[in-house]
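Each chain, letter by letter, is given below.
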Amino acid sequence: MGILHGTSSCILVRPKPVFKLSELKIDADKDWRGFGITSVKEVASGMAKGDIVFFNGAVLERLVPGTIGTMLTTHDFGNDPTWSL
Amino acid sequence: MSLLIEIKGITRLSELEIDADKDWQGRGIINLKQLAALMSKGDIVVRGDSVLVRLPAGPDGYVLTSAGPGKMPSWQPAGGALKYYFPVDIGAAQSGAKVIVAQLALETGPVVTDKKYAYGDSPDDFIRRLEGLISTAKDTSVATVNQSYNKNMPVGRDISTVVDGAVSETAGGIQTDETAAARNEAANDLNLCPMTPAVEDKYYLGFSRKFRRLWINVGTGGAGNWANQIEYWNGSAWVSVSNEDDQTSDFTMSGVSRMDWDMPADWVQTTIMGMTLYWIRIRTVSFVNQTTAPRGTQAWACLVT
């Protein structure tokens, strides 16, 4: 619990709780147990308008838009998709 | 002296105040039900203007098609990028297909039998005379066949693809990018002019190459009294096209109709809402009243002149 016990002169202090997400230390994976997270700005770093998300085998990665008219194309299982004509 | 300081902490995520972006420092977030609001089966996640948004699944057989950097991709019919495979106008006038075949056969050969059979010891009157003359003059066998056909069918007309840009503009000058709406099949999501409604309402439709025909699916034909005019950008001003043929009747006819005009020789690209294309604009030049606002569903530029 982090409580210090003293006899004559004692200060009992609990760890400082957090009230803001910015103060929350991210120290572990988190199972959201089916609850939703909405209005997420990005899941991969540096996302911009038109980017889509795919799994690269390790983490979610952004795929930037292709040139106009290109189509999202798969390259068999285990490979990253690309934009191509 | 004994001092106890106890500050109540949070125990549930619902108590956490979300007040900032958060770098998750490479840690995973797993088992998420959704990222964007109201996701359904088959939806994918795309970065929108500022946050992640859902892109609903497209119709069966459609492919995810890029609209270029900085723009939202959309589901389009497979082969929608046909123009990139055939970046030329296609026109075939096969005037050389005229073929004349003359079959002439004259079978007038006479068939003649002139045989005499006689027995050497037979009297003359026993001589069998087979002197029949068979002659066939088959005049009817003369046949003249004149096979003539002309294949001047134009090939490749009306090969069209969805437009590259669509922008509505109110008389007050407020522009709205409706490109994605013009490229998908969702009904009545194009605010055709007059949308305010007023004179000087405008609707821009652009394509990466010059085009002299536009197909548009008017989901809701407008009702009222107004007139529109088709214009193009000549490098210094918007000017009226020549020989305008508006089968939508100023967007009052519902269904898929075409707009035709003569290809302007001085048509040049210009930039509307960041999209540099060959643009035509439909501008409301007179307005009396409106009881039903016209709404569009989808628009295509014709690749072939």
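Just so we're clear, the structure is a prediction, and the values are computed from it rather than from any experiment.

Draft legend 1. Summary view of the overall build of chain A. On a plain count of helices and strands, chain A comes out with zero helices and six strands. Secondary structure elements of chain A occur, N-terminal to C-terminal, as β-β-β-β-β-β. For chain A, the proportion of its 85 residues judged to be buried stands at 14%. Taking contacts inside chain A between residues at least 6 apart in sequence as the whole, the part at least 24 apart equals 7%.

Draft legend 2. Molecular detail of the overall build of chain B. Per the secondary structure count, chain B includes two helices and 21 strands. Of all 305 residues assigned to chain B, the portion counted as buried reaches 27%. Excluding contacts between residues fewer than 6 apart, the proportion of contacts in chain B whose partners are at least 24 apart in sequence is 71%.

Draft legend 3. Focus on the pairing of strand β3 (residues 52–55) of chain A. Residue and element names in this part refer to chain A. Pairing analysis gives four bridges linking β3 to strand β4 (residues 60–63), with the strands arranged antiparallel. In the strand pairing of β4, Ile52 is matched with Leu63. Hairpin connection between β3 and β4: a loop of four residues separates the two successive antiparallel strands, and Gly57 in this loop has a positive phi of roughly 105°.

Draft legend 4. Up close: the nonpolar core. Membership of the largest hydrophobic core comes to 35 residues, with the highest contact counts inside it found for B:Val163, B:Ala166, B:Leu205, B:Leu214, B:Trp279, B:Ala299 and B:Ala301. At the level of elements, β10 (165–169), α2 (179–183), β13 (202–207), β14 (213–220), β15 (223–233), β20 (275–292) and β21 (295–302) of chain B are the ones that each hand at least two residues to this core. Of all the elements, β20(B) adds the most residues to this core, at six residues. A:Ile52, B:Leu35, B:Leu52 and B:Leu55 belong to the second largest nonpolar core, which has 11 residues in total.

Draft legend 5. A look at the environment of B:Thr276. Residue and element names in this part refer to chain B. By the element assignment, Thr276 lies in strand β20. Overall, Thr276 belongs to the partly exposed group, with 13 C-beta atoms counted inside 10 Å. Each C-alpha atom of the pair Thr276 and Gly165 lies 9.0 Å from the other, and the pair is 111 residues apart in sequence. Apart from the residues lying within four places of it in its own chain, the contact partners of Thr276 are Gln269 and Thr271.

Draft legend 6. Representation of the environment of B:Leu52 within the structure. Its location among the elements puts B:Leu52 in strand β4 (residues 52–55). Sequence separation of B:Leu52 and B:Leu35 is 17 residues, and the distance between their C-alpha atoms is 7.3 Å. If near-sequence neighbours (up to four positions away) are discounted, B:Leu52 is found in contact with A:Val40, A:Lys41, A:Glu42, A:Val43, B:Leu35, B:Ala36, B:Val45 and B:Arg47.

Draft legend 7. Up close: the interface of chain B and chain A. Listed as interface residues are 53 residues of chain B and, on the opposing side, 50 residues of chain A. The set of elements that each furnish at least two residues to the side of chain B that touches chain A consists of β1 (2–5), β2 (29–30), β3 (44–47) and β5 (63–65) of chain B. Pairing of strand β2 (residues 30–31) of chain A with β2(B) involves two bridges; the strand directions are parallel. Counted as the bridge partner of A:Lys30 is B:Ile29 from β2(B).

Draft legend 8. A look at the pairing of β4(B). Residues and elements named next belong to chain B. As paired elements, β3 and β4 share four bridges and run antiparallel to each other. When the sheet's bridge partners are listed, Ile44 is paired in β4 with Leu55. The loop that links β3 with its antiparallel partner β4 comprises four residues.

Draft legend 9. Expanded view of the environment of A:Val40. Turning to its location among the elements, A:Val40 is positioned in the loop between β2 and β3. With 19 C-beta atoms packed within 10 Å, A:Val40 lands in the partly exposed category. For A:Val40, the contacting residues outside a window of four places in its chain are B:Leu35, B:Val51 and B:Leu52.

Draft legend 10. Quick look at the confidence of the model for chain A. Residue and element names in this part refer to chain A. Per-residue confidence for chain A gives a mean pLDDT of 77, with 82% of residues at or over 70. The spread of mean pLDDT over the elements of chain A runs between strand β1 (residues 10–13), the lowest at 59, and strand β6 (residues 82–84), the highest at 88. Counted against residues more than four places away or in other chains, residues 1–8, with its pLDDT under 50, gives 10 contacts.

Parameters at a glance
- Residues numbered from 1 in each chain as written.
- Chains lettered and ligands numbered in written order.
- Predicted model: local features only at pLDDT ≥ 70, side-chain atom pairs only at ≥ 80, totals over all residues.
- Helix = DSSP H or I, 4+ residues; strand = E, 2+ residues; numbered from the N terminus.
- Buried ≥ 20, exposed ≤ 12 C-beta atoms within 10 Å, placed from the backbone.
- Contact = placed C-beta atoms within 7 Å.
- Pairing = 2+ DSSP bridges.
- Core = buried A, V, L, I, M, F, W, Y, C linked by C-beta atoms within 7 Å.
- pLDDT = per-residue confidence, 0-100.

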